[in-house]
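# Results of the structural survey
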Amino acid sequence: MPPNPSSHSTAPRSSYDALIFGGGLAGSLLAERFLASEKRVLLVDDPSKSSCSRVAAGLINPIGGKRLKRVWRAEDLLPHALEAYCQLEAKLKTTIFHPRPIARLFANTHEAQLWQKRIADPAYLRQTRSLSALSLPKAFSSDSGFAVMESGYLDTSSLIERLRDAFRSRSALLEQSFRYEDIEIGPDSIRYQEHRAPIAVFAEGHLATRNPWFSFAPYKPAKGLIATVRLSPEHARDFCTNSPIVIKSKFIVPRHDGRLIVGATYRWDDATDSPDPEGEAELADFLDDHFGSGNWSFESVQAGVRPATAGAYPIVGPHPTLPQLLSFNGFGSKGSLQIPFFADALLERIYENKDLPPEVLPKRFIKAPALKPRRWIATEVVREVISHHVNPGETAIDATAGNGHDTVWLCESVGASGHVFAFDLQAPALEITRGRLRKSSLAKRATLMQRGHETMLDSIPPEHRGGISAIVFNLGFLPGGDLQVVTQPKTTLQALDASMVLLKPGGMLSITLYPSHPGGQEEVDEVLIWIQRLASDQAEVCFERHPTGNRNSPYPVFIKKRSLA
């Protein structure tokens with residue numbers, strides 16, 4: 001893809017020590033640390049692609065979440081972040097961190113009871129004080145809770161813009177969008193357009209769900225709304241620029257510039273940067289509850305999508321098998337607190353070979369050995385993966401019924417309220433399949449079709465188009481049948497095209513490839529070309545090679561249709 005002619009670039013053609021893709025708070029702070037270490041870095045970023053860091057409140061709070069837990073490694077993260085921002089303020093000649101105590105108020109009796117258990121740990125008492133240490137706004141004067149004194153917020157938007165100015169002046173910024181397929185991965189270097197470096201770091205926020213190399217990372221993008229509000233004079237006088245931050249299910253931050261911001265919501269099924277009515281209503285209910293209807297108004301509402309992960313840890317470090325690719329992502333709502341520490345830790349890993357905490361390494365998500373039975377059989381690997389992907393009540397397709405083994409376990413997976421469509425050209429194959437289903441009392445869960453799988457788009461009832469959870473292909477010939485009757489590349493590719501239409505977003509396609517029978521390698525080659533042509537924003541691809549590396553052994557490929565943006 002040629003560069004966007006309207007994009008702004010200050011980067012000449014040259015070699016770098018690192019390429020960083022993604023310029024939110026994570027990518028920007030990491031790029032700054034590379035430059036501070038006298039390394040040549042190129043940050044590639046289109047700021048219009050994700051607004052999360054610029055919208056974020058930037059809270060720095062060592063006691064987080066509804067469960068009132070100390071942030072993991074807060075004793076390391078907090079002093080490191082405060083020192084890093086102090087140094088940046090001196091370098092950029094501006095204020096970016098604003099210390100504020102936090103009044104953490106209990107939203108319900110459960111939180112109050114939970115806190116009593118937490119403070120049995122002296123570490124909690126060291127970082128908190130009695131709420132009486134703070135002056136609360138009248139709207140919250142009767143609430144109970146505790147005070148966090150070593151806290152505040154980062155002016156993330158201002159910081160990012162100041163850093164981008166610095167990057168431009170050092171020819172370290174390429175302001176354009178990028179496509180993963182335009183990034184060339186070599187054994188000794190990474191090349192993007194005319195730019196090259198020995199390593200590439202991906203810090204693209206929630207857009208990492210489309211990253212083909214880190215597709216195994218279980219990102220859970222979480223959309224959040226933050227509003228700037230205007231209060232009635234009666235309530236506004238309680239919030240001056242140095243007032244404490246209030247957190248009670250939602251936060252209220254009196255900013256240094258006089259704005260009062262309120263947030264944030266969490267929505268897991270919408271990865272857009274547009275405010276949603278449900279989120280606005282949620283914020284409005286909070287404001288009505290505490291200030292009364294008519295005593296406040298929205299000045300603006302913004303949305304951003306956090307790159308959240310399953311668990312409390314970011315994803316930092318090298319790819320499990322491609323060490324020249326690194327992740328610096330998944331910080332979620334704790335980014336302002338976590339990023340400075342892990343930026344320095346990543347540089348120490350790269351240049352001093354120091355270990356990163358195992359909790360943050362990308363390889364922690366690789367569970368491949370657990371997927372392989374004691375005796376590695378490709379079809380059993382498929383069963384293990386797909387049966388865990390399909391839920392009761394869903395619809396699946398067996399594109400090559402054969403002897404019916406896959407049809408049976410698919411029927412078991414979809415349950416009594418689900419259904420399976422099974423295709424095969426050979427009548428004997430369908431008779432065997434029908435017998436297995438009857439023996440297992442599963443016949444009512446399946447529709448058997450004696451026709452080629454290339455017809456599936458026309459054969460499946462139209463109401464299932466775009467709603468299929470899993471489609472299974474077991475290519476080759478029918479075991480025990482006529483060895484001259486094998487799947488053909490032309491009809492297989494037609495069926496694969498149809499599968500991508502039939503699958504729902506998040507649906508899984510499995511293709512078991514057989515290189516060794518006559519004509520098998522030709523079909524494998526055609527399927528691999530088809531897979532290579534899939535757009536990275538359309539599908540995630542995972543190959544499960546035989547553990548011995550035997551090139552003649554059958555092996556499955558799993559293709560997950562990406563969710564709609």
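Right above here is the structure, for reference.
The structure contained in this document is the topic of the report that follows. This one's a predicted model, so the numbers in the text were calculated from it and none came from an experiment.

### What to know about the nonpolar core
Judged by nonpolar contacts, the single largest core of 55 residues is most densely connected at Ile386, Met456, Phe473, Leu509, Ile511, Trp530 and Ile559. The residues contacting tryptophan 530, other than those within four sequence positions of it, are Leu493, Leu496, Asp497, Met500, Leu509, Ile511 and Ile559. Within the second largest apolar cluster, 48 residues are counted, among which are Leu43, Ile199, Val201 and Ile339.

### Quick notes on the sheet that holds strand S15 (residues 195-197)
Spatial ordering of the open sheet is given by S13-S14-S15, a layout of three strands whose pairing is antiparallel. Because the sheet does not close on itself, it has two edges, and the strands there are strand S13 (183-185) and S15. Adjacent strand axes in the sheet meet at a mean angle of 20° when their direction is disregarded. Relative to S15, strand S14 (residues 190-192) is paired through three bridges, and the arrangement is antiparallel. Within S15, the position partnered with tyrosine 192 by the bridge is histidine 195.

### As for the pairing of strand S17 (residues 222-231)
Of all ten residues in S17, nine are buried; the element is thus mostly enclosed. Bridging between S17 and strand S21 (residues 296-306) involves ten bridges; their strand directions are antiparallel. If you follow leucine 225 over to S21, its bridge partner there is alanine 303.

### Notes on the pattern of salt bridges
For the structure on display, the rule yields 28 salt bridges. For lysine 504, the salt bridge goes to glutamate 394, with nearest N and O atoms at 3.0 Å. Remark: glutamate 394 occurs in the loop between helix H11 (378-389) and strand S24 (395-398) and lysine 504 occurs in strand S28 (residues 503-513); sequence separation between them is 110 residues. Assessed through its relative accessible area of 25%, lysine 504 is described here as partly exposed. Each of Asp45, Arg164, Asp165, Arg168 and Glu175 takes part in salt bridges that share partners, so that together they form one network.

### Re the packing of aromatic side chains
All told, the structure shown has 21 aromatic pairs when counted by the stated rule. Both rings, one in tryptophan 72 and one in phenylalanine 342, keep their centres 6.0 Å apart while their planes meet at 15°; by these two values the pair is stacked. Highlighted residues: tryptophan 72 in the loop between strand S6 (69-70) and helix H3 (74-92) and phenylalanine 342 in helix H9 (residues 335-352), separated in sequence by 270 residues. Put simply, the rings of Phe21, Phe178, Tyr180, Tyr192, Phe202, Trp213, Phe214 and Phe216 touch in pairs and so form one group of aromatic residues. Sitting over the face of the ring of tyrosine 351, lysine 39 holds its NZ or CZ atom 4.2 Å from the ring centroid. One cation-aromatic arrangement involves arginine 306 over tyrosine 266; the distance from NZ or CZ to the ring centre is 3.7 Å.

### A few points about the pairing of strand S27 (residues 468-474)
Most of S27 is tucked away, with six of its seven residues classed as buried. Inspection of the sheet shows S24 paired to S27 by three bridges, in the parallel sense. Along S27, the bridge assignment pairs isoleucine 397 with isoleucine 471. Bridge count for S27 against S28 is six bridges, and the pairing is parallel. Within S28, the position partnered with asparagine 474 by the bridge is threonine 512.

### Focus: H11
Taking 1.5 Å per residue, twelve residues should reach 16 Å; H11 reaches 17 Å between its end C-alpha atoms and fits that length. Within the span of H11, buried status applies to Ala378, Val381, Val382, Val385 and Ile386. Viewed along the axis of H11, the buried residues span an arc of 110°, placing them on a single side of the element.

Cut-offs used in this document
- The residue numbers shown here count from 1 along each chain, following its written sequence.
- Confidence filtering applies because this is a predicted model: local features only for residues at pLDDT of at least 70, side-chain atom pairs given and counted only at 80 or more, and all residues used for totals across whole chains, interfaces and linings.
- Just so you know, side-chain values use all the structure's heavy atoms and leave hydrogens and water out.
- Here, nonpolar core refers to any group of buried Ala, Val, Leu, Ile, Met, Phe, Trp, Tyr and Cys residues whose side-chain atoms link them within 4.5 Å.
- To sort residues, take the accessible area from a 1.4 Å probe on protein chains only and compare it with the maximum for the residue type: under 20% means buried, over 50% means exposed, and anything in between is partly exposed.
- Any two residues whose heavy atoms approach within 4.5 Å at even a single point are treated as in contact.
- Strands qualify as paired when DSSP identifies two bridges or more between them.
- By the criteria applied, helices consist of DSSP H or I runs no shorter than four residues and strands consist of E runs no shorter than two, each listed in order from the N terminus.
- Helix axes are fitted to C-alpha atoms over the stretch in contact, other axes to C-alpha atoms as well, and angles between N-to-C directions run from 0 to 180 degrees.
- Salt bridge, as applied in this entry: a Lys or Arg side-chain nitrogen positioned within 4 Å of an Asp or Glu carboxyl oxygen.
- Aromatic rings from Phe, Tyr and Trp, taking only the six-membered ring of Trp, are treated as a pair when their centres fall within 6.5 Å; an angle between ring planes under 30 degrees marks them as stacked, one over 60 as edge-to-face, and anything in between as tilted.
- A ring is scored as having a charge over it whenever the NZ atom of a lysine or the CZ atom of an arginine sits within 6 Å of its centre and within 35 degrees of its normal.
- Multiply 1.5 Å by the residue count of a helix minus one, and that product is the helix's expected span.
- Working definition: the arc comes from the directions between the helix axis and the C-beta atoms, pointing outward to the latter.

Coordinates in, geometry out; function isn't part of it.
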